[in-house]
Amino acid sequence: MVRPYAVKGRRKRPKREVEEVIEEQEVEEVNEEEENRGEVEEMEKEGEGSQDAVADEMVGLPVVARPIDDARKQKGVIFVLEKASLEVGKVGKNFQILNSDDHANYLRKQNRNPADYRPDIIHQALLAIFDSPLTKAGRLQAVYVKTEKGVLFEIKPYVRMPRTFKRFCGLMSQLLQKLSITAVGKREKLLNVIKNPVSRYLPLNSRKIGLSYSAERSVNLFDYVAAASDDINLVFVVGAMAHGMIDKENMEDFISICNYPLSAACCLNRICSALEQKWNIR
Ligand SMILES: C[S@@+](CC[C@H](N)C(=O)[O-])C[C@H]1O[C@@H](n2cnc3c(N)ncnc32)[C@H](O)[C@@H]1O
């Protein structure tokens, strides 16, 4: 069962319309891949169509089934994704999340380096988390994203991320302009811009573990995670930017998990796999 979402302040849909939307989404879920293929083809035809228009057309951001009580009582993991490239710019008449492929000329005219505008990194990172068996087993506690500009937002663990990049950008553009996105008919915010610093939302007894290729301490992640006490709340901090590294300050640990520089998504896949092994998730 899936539910649609709405941006705060939007017109409430009549009940019949909501039912139709839910029905549409159920069909959408069954045939998601085929639908996405069609969607991509349509977007290609549209060329650089407005992300706002795409977001407006979105019938809803579904949520997955929430964990049952047993899973909620079990230990979970928190992810903090730092320095995400999510900046809204006014391109023509529309507000869009800026990216190096579609907005290179626009960025150059403003003396900005297009290579710094990579929202695809945070999209892939979030898909790595939300698609993992760990999340499906209800062990994802929270995800916090901090943008390059310092905007912090929370994503609820049961949100189903838009799979296409254009839809993702549409959602992020709406979030950064309206500051929250709620499920239709519910007051709960599925995505919500919150005040810094992230430490005020972390549970007691949290251990913030920063990841960087340049960290001095190199670990075998599977052994590292297996050795962590279940009394501690694990918080993994991973960079979602193209260049540079995350801040080492305020980390209880700062580790390298591989002899090669990895993408954020690959790092997150590894963390999820290590936790799945630790918690016997198959
Ligand atoms: C695209 S990388 C950013 C590259 C940046 N030079 C760095 O190493 O921090 C994205 C993120 O993945 C993580 N990462 C990449 N390779 C890693 C490695 N070998 N060990 C630990 N973390 C890594 C870091 O958190 C990094 O910020």
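Computed from a predicted model, the values in this text were never measured in an experiment.

How each quantity is defined
Residues numbered from 1 in each chain as written. Predicted model: local features only at pLDDT ≥ 70, side-chain atom pairs only at ≥ 80, totals over all residues. Heavy atoms only, no water. Core = buried A, V, L, I, M, F, W, Y, C linked by side-chain atoms within 4.5 Å. Buried < 20%, exposed > 50% of the residue type's maximum accessible area, 1.4 Å probe, protein only. Contact = heavy atoms within 4.5 Å. Phe/Tyr/Trp six-rings, centres within 6.5 Å; stacked < 30°, edge-to-face > 60°. Helix = DSSP H or I, 4+ residues; strand = E, 2+ residues; numbered from the N terminus. Pairing = 2+ DSSP bridges. Near = heavy atom within 4 Å. Polar contact = N/O pair within 3.5 Å; in protein donor to acceptor, adjacent residues only side chain to side chain. Areas by Shrake-Rupley, 256 points an atom, 1.4 Å probe, with all protein chains shown as cover. Nonpolar A, V, L, I, M, F, W, Y, C, P; charged D, E, K, R; others polar.

Residues and numbers for the nonpolar core, please.
Counting residues in hydrophobic clusters, the biggest one holds 58 residues, and the most contacted among them are Phe79, Leu81, Leu86, Leu126, Val145, Ile155 and Phe236. Beyond its immediate chain neighbours, meaning those up to four positions away, Ile155 contacts Leu126, Phe130, Val143, Val145, Met161, Leu190 and Leu191. Of all hydrophobic cores here, the second largest spans 15 residues; its members include Tyr144, Val235, Ile246 and Phe254.

Explain the packing of aromatic side chains to me, using residue names and the numbers behind them.
One pass over the structure, following the stated rule, counts two aromatic pairs. Measuring from centroid to centroid gives 6.3 Å for Phe79 and Phe236, while their planes differ by 35°, and the two rings are tilted. Linking Phe79 in strand E2 (residues 77-84) with Phe236 in strand E11 (residues 233-239), this pair joins segments that are 157 residues apart in sequence. Taking the relative accessible area as the measure of exposure, Phe79 reaches 0% and is therefore buried. Assessed through its relative accessible area of 0%, Phe236 is described here as buried. Geometrically, the ring pair formed by Tyr144 and Tyr201 is stacked, given 6.0 Å between the ring centres and 25° between the ring planes.

Describe the pairing of strand E3 (residues 88-91), listing the residues and the values that go with them.
Burial along E3 is one-sided: Gly89 and Val91 are buried, and none of Val88 and Lys90, which face the opposite way, are. Pairing analysis gives four bridges linking E3 to strand E4 (residues 94-97), with the strands arranged antiparallel. In the sheet register, Val91 faces E4, and the bridge partner there is Asn94. Where E3 folds back onto E4 in an antiparallel hairpin, the turn is made up of two residues, including Gly92, whose phi is positive at roughly 65°.

Please give an account of unusual backbone geometry that cites residues and values.
Geometrically, the link from Asn196 to Pro197 is a cis peptide bond, its omega value of -5° lying close to zero. Its location among the elements puts Pro197 in the loop between strand E8 (189-194) and strand E9 (206-211). One non-glycine residue with positive phi stands out, namely Asn280, at about 60°. For Asn280, a relative accessible area of 52% corresponds to the exposed category.

Talk me through the site of the ligand; I want residue IDs and the actual numbers.
Surveying the vicinity of the ligand reveals 17 residues, the closest of which are Leu211, Gly244, Ile257, Tyr260 and Leu262. Separating an oxygen atom of the ligand from a backbone N or O atom of Leu211 is a distance of 2.5 Å. Between an oxygen atom of the ligand and a main-chain N or O atom of Gly239, the distance comes to 3.1 Å. Burial of the ligand by the surrounding chains reaches 88%, relative to a free accessible area of 540 Å². Of all the elements in the fold, those that place two or more residues in the shell around the ligand are E11, strand E12 (253-256) and helix H10 (264-278). Residue composition of the shell around the ligand, by class: 13 nonpolar, four polar and no charged.

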